[in-house]
Structure formats: C-alpha cells, structure tokens
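Residue-level structure breakdown
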Amino acid sequence: MTSHLVLAASAGDALTWVVWFAAALACVASGVAVVSFSNPFYSALALIGNLASLAVLYLLLSAEFVAAAQVLVYAGAVMVMFLFVIAYLGGRADAPWAGGPSLNRVAAVAAGGAILVEVLVAVGLDAGGGLSHPAHVGASFGSPADIGRLFLTDHLLAFEITSVVLLVAAVGGVVLGSHARRLQAEAEEAVPARQPVPARDEPPVEVPAAR
Amino acid sequence: MRGPDVVWYLGVAAVMFSTGALGVLLRRSPLIVLLSLELMLNAANLALIAFSRGHGGGAGQIFALSVMAVAASEVVVGLGLIVAMARRKLALDVDKLTSLRG
Amino acid sequence: MTEITTAWICLFLPLAATVAIALAGNALGRRAAGLLATGAVACSFVAAAVSFVSLLGHNPSSRSHVSTAWSWLTAGSLHFGLSILVDPLSVFMMLVVSGVGALIVGYSIGYMHGDDEERRYFAYMAFFVFSMLLLVQGGNLVLLLAGWGLVGLSSYLLIGFWHERPSAVAAAKKAFVMNAFGDATFALALFLLIAKTGTLDYQAVFTSAGGLSTAVLALVSLGLLGGAVAKSAQLPLHTWLPDAMEGPTPVSALIHAATMVTAGVYLIVRMSPIFELSPHVQDTAAALGAFTLVAAGLIALVQTDIKRVIAYSTMSQIGYMFLGAGLGAYASGLFHLLTHAFFKALLFLAAGLVIHALAGEQDIRKMGGLRRLMPKTYACFLVGSLSLVGIPPFSGFFSKDPIVAAASARGDAFGWMMYVLALAGAGLTGAYTFRLVFRVFGGEPSGFVRETFDARHGEGPLVMLVPVAALALLATAGGWLQVPGGWSAVSDWLRPVAAPLVEATTSQEALASALSVAAGVAGVAVAWWIYSARRAPAPEPWPELEHKLYFDELYDAVFYRPAATAARLLLALVEGPLVGGSIEGLSGGVRRLAALTRRLQTGLVRTYALALAASLAVLAVVFIAVR
C-alpha cells in the first residue's frame, strides 16, 4: 500500500515537475516575447499568455483564490483594457533594436543582468537555510474562505486602503478622460471663432464699464 | 511539498523580473513600457506567493492581491495618460518627451 | 573748583552743538544751526574766561590742575584717563581758540548764507572747535594725539566742504595725507615714550625724561617735531596749506590761520622740557621756522590769488613762532600766536568780504580801486596789514620783535644767522603785504570791479561786518598786553609752565625793534614804488618762485609716482588675477559643476529608470555582502 502511495506520490511528483517546467518555460518565453515584439498588440497577447502560465504556477503553490483572481481580474479586465487602448491607438510599430548599441543600452543590459545574477545568488545562498523546509499547509490554505478571513481580520487595513486606491484610480481615470475631451472641444471651438468686423459707418460697439 | 521547492519559483520570478526591467529600460513605446512594468509586478507577485507557501501564512497572498489592485489602478492612469498624449498628437516615444530636460 | 568745571563745560559745549545739529537734521533751520554753533562756541569762551579769572585768583605756583573724568584706556600696566589739564598755557590757548572761533563762526552765518549744506558746515565748525579744545586741554599725550587727529579730520572735512569740486577734494586729501605723515612720527615718538617711561601723563613724562638717553630723547623730540612741522605747514611739509584755501574763507581763517596751524607751536611749548633736553632738535625747529619764514615770504611775492598770499603769509608768521619756540622764547612765540590769530583772521575775513562782494573772484589781477567802494573793509584790511608788517602801535609790532631780539640774545653764530633771516623776513612781509593792499584796494576800479561790484548790497551784512570790526579792534589794541621795557603780562602768566631759555636785554630789544620796523617799512616802500606810484614796472617773477620752489614736483616724483606705479602694478598682477581671478574661478567652477550636473537631467524617463536599476543593483550587492 505504501509503495502504491509512494509510486503515486512519485508519479504525482513527476507530474508536478512536468507541469512546473511547462508553466515556467511558458512564463519566461512569454516574458521575453512581451519585451521583444515590435507590435504592441502582440506584446499584449504575450502578456496574457504570461498571466495564464502564472496562474498555473499559483495553483501549484496552493494559492487557488489568487490564481482565479489573476485570471479574472488581471487577464480578464486589465489586459482587455490594454487591448482596447492599443486598438484605439492603432498599435504603432516601434523598432526595438534600431540604432545599435549605445551607452544607454549597454548600461541597461548590464544593470538588468546584474540584478538577475544578484537575486539568484541571494536566493541560492539561502537555499540551505529557511527556504528548504516549506511549511505544511492544511487544505484550507489559499482558499477563498481563508483569504476572506485574513482580509477581514488580520489585514483589514490593507483591505480598506486597497479599496481607497481603487476608488482614486477610478476617479482619476474619469478626470483624465474628461479633461482631455474638454481640451479637445476647446481646441475645436477656437479655430472658427472671430469677432465680426464692424462696418466703417457703424459706430464701434460700446462695452459698458463694469461697475 | 510536491514538485519543485520554493527556490525554483523564486528563480523564475527573478528571470521574469529582469526581463521586465530590460523591457522598461530598452523600449521606446510607452505601451510596451507599461506592459513590461506589468511583467515586473507579476514577477513580484510570484515571489510573494512562493514565500507565502514557504512560510505557511496567508499574508503573502493578501499582499499579492493588493499588488494586483494597485497594478490595475496604475494601468488605468498610465493608459489615460497615453490616450491624452495621443489626443494631443504627441509622438508616442519616450525619447521625444523631454520637456523636463534641465 | 570752578576752573575745572568751567573747563569741562568749555570743552564739551561745542561737541554738544555738533551732535545737536547732526541729529536734528532738517528739523533745525539753517540760521538756527548757525546761531546754535556760534552760541555754543561763545559760551565756551565765557567758560574759558571764567576759568582764567578763577586761575588768576590762585598763587602763580599752584595754577596747574589735572582733572580726570574716568579711566579711558587700561592695558596691562598702562593707564590713561580721560583727563584735562587746566594750567596757564591751556587756558591761554582755550581763550584764543574759543574767542576767535566764536567771532569767525558768527561771521560764517553771513558768509555761508544760502549755501545748500549750511547745517553740515556749522556742525563741522563746532566739531573743529571741540577737537582743538581737546588738543589744548588734554591732560595726557594720548588725548593730545586724539585732539591732533580730530583737528586733522575736521580740516579734511572742511577743506573738502564743497565736495563737488574736484580741486577741493584733492586739496582735502593732500592736507590729510601730509598731516598723516606728521601724525605717524608723532605716534612713533609716543610709542618710544611708552616703551621707555611707561606713561604718557605730562608730569610723569617730564620727571622721567631726565633719565632717558640722549638718543631716545632726540628721537622722541624729532618725532614730535615731525608732527608739529606737518600740522603747522612748515618746510618741508608745507605744500598742503596753499591748496587748503579751497575751503570756504572762514575755514581758512579759523583753521588755517588762527588755530589749527598753531597747534605745532603749542606742542613744542608744552613739550619744552623734552625739547630742552635735546638742544639740537630744538635748534632744528628754529632753523626750519627761519627758512620757512623767508621761503614763504618769497613765494608770496608772486602769488595772484588773494587767499594764497595770505596763506603763505600765515606760513611765514608761523615760522616766526617756530623760531621763537625753537630759541626758547616761549612766551614771545605764544604772544605772537595770539596777535597773529587776531590780525590774520582779520585779513582773511576782510578778504572774504572782498570775495563776497566780487561774486567769488579771488584773482588780484582783476581787482583794483576797492578803496573807495568798500571803505570799511579797506580800513580793516589796512589795520591787519600794518599789524602784520609790525608797524607800531599795532599788535604785530609788540609780538614779532621780541622773537627777533631773542635771536640776538642767543649770541652764537646760529643766533646771528636766525637774526638776519628774521629781519629779511620782515622786509619780505612788508613787500608782499602791501603789494596785496595796493593791487586790491589801490588805484582806480578795474573793469571787472565796475561790472561786478553792486553798491546796493553794501560791503556785507552786519553779521559779517561786526566780527571783522571786533578783530580789527583786537589787532590794534591786543599788542598792548606786553610791552618790552614796560610790563609783560603774557610772559608772567606763562612763566610757571614754560620759563624762557633766553631773555633779551632792553638794548637788544630796542635794536631789534628798530631794525625790523625799518626792514618792514623798506618792504612797504618797495611795494609802494612798484604798485602804487608805478614808478617802476613789476619785475618778472622767477620761475622757481612761481613753482613754489618745486616742492610739489619733488613730492610728486618721489612719493606719488612710485606709489601710483606700485598701485597699478598690484592692480594688474594681484588684484586682477588673484582676487578677481579667485572669485571668478570660484563662480566659474560652480557654474561648470552645475553644467555637468545638469547633464543628468536628460528629461528622458529611460535614463532615470536606468539610474534606478543601477542603484538597485549596487544596493543588492551591499545587502548581500553585509548579510
């Protein structure tokens, strides 16, 4: 029986590893794709793929609610908004590697590479320490009930502040949009408007002094 | 825990983060820059979830949800700015937006 | 004691007037400022007179009082108090300064009427009177030096009173710089005294002077003499006095005739115990006086500005006083100081009336015939001139001749040389004085005079005529204070302070008087022959005299040119590159640094993001390493 369990466990383990590899590869590949495409539309689609693979990774980490939220909110709402805007703007192409290596480019690659190396080193150094023994989690870990309880008890302040941030962003979005619309309206008005030139015989229009 | 350790997830997160950073630093279109920014935020989220699993507490997931909310707000404002720029017929090229030049 | 209280009052009243005029500003009317200044100086004179009378009541041997108000300066073992000395010599000088000063300040009310800055003038005049009183009343050498410097300052301020005139400003600077040279030698002498005796109180210095070496005494007296020569405009530090005539005429009368320029004589008499211990320096003083006497007389013969003639005359007469003090005839020198104050101030003020009436013209070649047009002025001017030449019974006769007699009383070759020079000076005095009188007042009115003189204005306002008349009276009667062979009020008064070194016999006095009157009359006759009777044409003036014996050119070449060149060199080599360059360099450096820093503000978001990423990379290394 235990051998079945072990086999099943090892088979489950292997399956996890395979799924993990696939999702991780998809993550990295789509990440590279986001950065490399010249058409922003394709980049956005790549990001959606990235989000989906991330959701898989979250599931592997027993964070079900977050995975669901990721797909629903991030991929479903935020990326759709992105795609709307890209569609509205016409998706102008932008050649990413034009111009050859410049000081800026070389320095950017160096900085990015340095960050990667450093994080890997940091993570690798601690591998022998606190990260090698993951805690045992119960079945309710990562469930909506758990998350909900945490939101409303231990992390109530974070919850409230997050809602305020969302409100502010919504208001800001409306203001940005309406401001732009008002400015455009004014720009259209200013062009044809002009004072009617009085005829020579007519006396000039008297403007009564404001009292 | 079945499958890879938390460390592996952190490695993926690191690679994603630096890729996103390179995208922010090297691309000229503001839309792509925003997308790369999203990539970086998601990498952070992954790291958070990984740590949450590693320690067994739910705080990391709460944090990740808040990050998602903030990322959404930031995208709203960023896209609003880009649309305003397009309305004013400004070139959508971060190299050309230098009116704050000293 | 009354004399001390009144002496303090006498000293500080003019200062109070200055402060009041300065602080009141425009709230005080112009006339009121003049009246305030005159009133203060007049009250000062009354206080001095009370001091004098009070001192008379004392025994002649106990007429010296020192009164200290508070301790002014204490440094280590040195201690100087704010003290005044009330003794016969200081009271004598106080009377002269405040008396003649009051008359002249009153005259200025009329002379400066209508000037824009009358109030400033009267403030300065009152300040000058205070400074001069401080000089003569100072109870120790420090206060003497303080008064010395302050009169130099007042002179500078008043010579350059009309400061829009570049010539006036230049003259003021010249006076101040030359006096500064004298002040420096004076101060060096004081430093030596402090080093050797540790005190600057008169009595203490005189008692310890006996113990000093001859070299120190000679140096101290030379330093004091330097200061006296500069202040009294004797050769070789005399070139500032003629230029000082740029100031208003009352200033010339008060400062450059009656009082400030006589401060040198006062110094020699006051410090006579020191000078008597260095006879060679005292002889030098006498010799300088004698040479100045003759040289100034010669130069006065060719001057064409009425005030400059009188200025050189002042220089010459102070030469007499220096001669007297140098020979040891202190009372005679001071008596001549007194009479000279009367008749020289009279001459200046009368000249001021002439200048006033001729709308500011001072060139005597344009004048003539004013005798009939300004009879009162003519009379006063004549009185002053006769007094100056030394014709009896005017005051100059009684004061000048004892000095000449003292030279003969000395007996040695040096004394005879001084005798001859003094007599020659008397002749020259007659010549240049009456040249002036005949040119300005004699003959027919010149064309210029006819055009400019306005008979309706008369000779001048009453406030100007009254002081002139008073001075004329004093110039006539003042000589009778001391008649050789009769009584000697001045000598007796001053004997406790400055006992004379030489006393002439009656026969020597009589011979000296006869000879100097004869010389003076001879000079007057020559002037009459040439300028009045026109029997002979005026001789061509010698170029050396016209250039005032080339002293100005000499000083220009020896002192001014090198200094100016050095200043120019320093400007080019030090000021420009170092001072300006360092500031320039500093600001340029800052600007360059700012330009460099400005390049960071590219305005590109990508650059800023790169900076963020780079700093993050660096910080991560730090955190990893530190862990």
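Residues numbered from 1 in each chain as written. Chains lettered and ligands numbered in written order. Predicted model: local features only at pLDDT ≥ 70, side-chain atom pairs only at ≥ 80, totals over all residues.

Overview of the overall build of chain C
Operational definition: In this text, helices come from DSSP runs of H or I with a minimum length of four residues, and strands from runs of E with a minimum of two, each type numbered from the N-terminal end. Partly exposed residues are those whose C-beta has more than 12 but fewer than 20 other C-beta atoms within 10 Å; with 20 or more the residue is buried, with 12 or fewer it is exposed, and the C-beta atoms are placed from the backbone. Think of it this way: build a C-beta for each residue from its backbone, and any pair within 7 Å is a contact.
Summing up its helical and strand segments, chain C has 26 helices and two strands in all. Evaluated residue by residue, chain C yields a buried proportion of 52% over its 627 residues. If you take every contact in chain C between residues at least 6 apart in sequence, the share linking residues at least 24 apart comes to 81%.

Notes on helix α21 (residues 462-477) of chain C
Given 3.6 residues per helical turn, the α-helix brings residues three or four places apart onto the same face. Residues and elements named next belong to chain C. Here is the rule: Multiply 1.5 Å by the residue count of a helix minus one, and that product is the helix's expected span.
Taking 1.5 Å as the rise per residue, α21 with 16 residues should run 22 Å; its terminal C-alpha atoms sit 22 Å apart, in good agreement. Residues of α21 that are buried: Met464, Leu465, Pro467, Val468, Leu471, Ala472, Leu474 and Ala475. Against the buried residues of α21 lie α3 (88-111), α15 (330-357), α17 (375-389) and α18 (395-410).

Observations concerning the interface of chain C and chain A
Interface size is commonly expressed as the accessible surface area that is lost when the partners come together. Operational definition: Here the nonpolar group is Ala, Val, Leu, Ile, Met, Phe, Trp, Tyr, Cys and Pro; Asp, Glu, Lys and Arg are the charged ones; every other residue, Gly included, is treated as polar.
At the interface, ten residues of chain C touch ten residues of chain A. Along the lines of polarity and charge, the residues of the side of chain C that touches chain A split into eight nonpolar, one polar and one charged.

Observations concerning the pairing of strand β1 (residues 65-75) of chain C
All names here are of chain C. The cut-off we apply is this: Note: two strands are recorded as paired if DSSP finds a minimum of 2 bridges between them.
Counted residue by residue, β1 has zero buried out of eleven residues, so it is predominantly exposed. Of the pairings in the sheet, the one linking β1 to strand β2 (residues 78-86) comprises eight bridges and is antiparallel in character. When the sheet's bridge partners are listed, Leu73 is paired in β2 with Phe80. Hairpin connection, β1 to β2: the antiparallel pair is bridged by two residues, and Gly76 has positive phi, about 65°.

Focus: the packing of α15 of chain C against α18 of chain C
Residues and elements named next belong to chain C. This is how the line gets drawn: Axis angles are defined between N-to-C directions and span 0 to 180 degrees, where every axis is a line fitted to C-alpha atoms and, for a helix, only to the segment in contact. An angle below 35 degrees is treated as roughly parallel, one above 145 as roughly antiparallel, one from 65 to 115 as roughly perpendicular, and anything else as oblique. A crossing counts as left-handed when the near helix is turned anticlockwise from the far one by less than a right angle, and as right-handed when that turn is clockwise.
Contact pair α15 / α18: the axes reach a minimum separation of 9 Å and the direction vectors enclose 150°. By the angle class used here, α15 and α18 are roughly antiparallel. Handedness of the α15/α18 crossing: left-handed. Contacts from Ser332, Gly333, Phe335, His336, Thr339, Phe342 and Phe343 in α15 reach Ser395, Gly396, Ser399, Lys400, Pro402, Ile403 and Ala406 in α18. Taken together, the residues of the contact of α15 with α18 sort by class into six nonpolar, seven polar and one charged.

Side note on the interface of chain A and chain B
Contact with chain A, which involves 70 residues of that partner, is made by 64 residues of chain B. Per-element tally for the side of chain A that touches chain B: the top contributor is helix α1 (residues 2-36) of chain A, with twelve residues. Broken down by class, the residue content of the side of chain A that touches chain B amounts to 50 nonpolar, 15 polar and five charged.

Some points on the environment of Asn140 of chain C
All names here are of chain C. With respect to the helices and strands, Asn140 occurs in the loop between α4 (118-137) and α5 (141-159). Separated by 63 residues in sequence, Asn140 and Gln203 place their C-alpha atoms 8.8 Å apart. Contacts of Asn140, omitting those with residues within four sequence positions, involve Phe80, Ser83, Leu200, Asp201 and Tyr202.

A word on the nonpolar core
In plain terms, the rule: A set of buried Ala, Val, Leu, Ile, Met, Phe, Trp, Tyr and Cys residues, joined through C-beta atoms within 7 Å, is what we mean by a nonpolar core.
Residues Ala37, Ala126, Ala345, Leu346, Leu349 and Ala422 of chain C are the most contacted members of the largest nonpolar core, which totals 204 residues. It is α15 of chain C that contributes the most residues to this core, 19 residues altogether. Every residue in contact with Leu346 of chain C, bar those within four places of it in the chain, is listed here: Cys380, Val383, Gly384, Val468, Leu471, Ala472 and Ala475 of chain C. With 72 residues, the next largest nonpolar core counts Val78 and Val85 of chain A together with Ala13 and Leu22 of chain B among its residues.

Section: the confidence of the model for chain A
All names here are of chain A. Using the following cut-off: Note: pLDDT gives the predictor's confidence per residue, expressed from 0 to 100.
Taken over all residues, the pLDDT of chain A has a mean of 80, while the share at 70 or more is 72%. Here helix α6 (residues 156-190) stands out as the least confident element of chain A, with mean pLDDT 80; helix α2 (residues 40-60) is the most confident, with 94. pLDDT under 50 marks residues 201-211. Its contacts with residues more than four places away, or in other chains, come to two contacts.

Some points on the packing of helix α6 (residues 166-197) of chain C against helix α8 (residues 214-231) of chain C
A pair of packed helices is characterised by two quantities: the angle between their axes and the separation of those axes. All names here are of chain C. For the pair α6 and α8, interaxial distance at closest approach is 7 Å and the crossing angle is 155°. Between α6 and α8, the crossing angle belongs to the class labelled roughly antiparallel. Our pair here, α6 against α8, has a crossing hand that is left-handed. Between α6 and α8, the residues in contact are Met178, Asn179, Phe181, Gly182, Asp183, Thr185, Phe186, Leu188, Ala189, Leu192, Leu193 and Lys196 and Val216, Leu219, Val220, Gly223, Leu224, Gly226, Gly227, Val229, Ala230 and Lys231, respectively. Considering only residue class, the contact of α6 with α8 consists of 13 nonpolar, six polar and three charged.

Description of unusual backbone geometry
Excluding glycine, residues mostly have negative phi values, and the peptide bonds linking residues are mostly trans. Residue Leu235 of chain C is joined to Pro236 of chain C through a cis peptide bond whose omega torsion reads -5°. Tracing the chain through its elements places Pro236 of chain C in the loop between α8 and α9 (240-243). Cis geometry is found at the peptide bond from Pro392 of chain C to Pro393 of chain C, where omega equals 0°. Take Pro393 of chain C: it is sitting in the loop between α17 and α18. Here the phi dihedral of Lys89 of chain B falls at roughly 65°; this positive angle occurs in a residue that is not glycine. Note that Lys89 of chain B resides in the segment after α3 (59-87). Under the C-beta neighbour-count criterion, Lys89 of chain B is labelled exposed, with 6 such atoms within 10 Å. The backbone phi angle of Tyr550 of chain C is positive, close to 60°, even though this residue is not glycine. Along the chain, the position of Tyr550 of chain C falls in the loop between α24 (543-546) and α25 (551-598).

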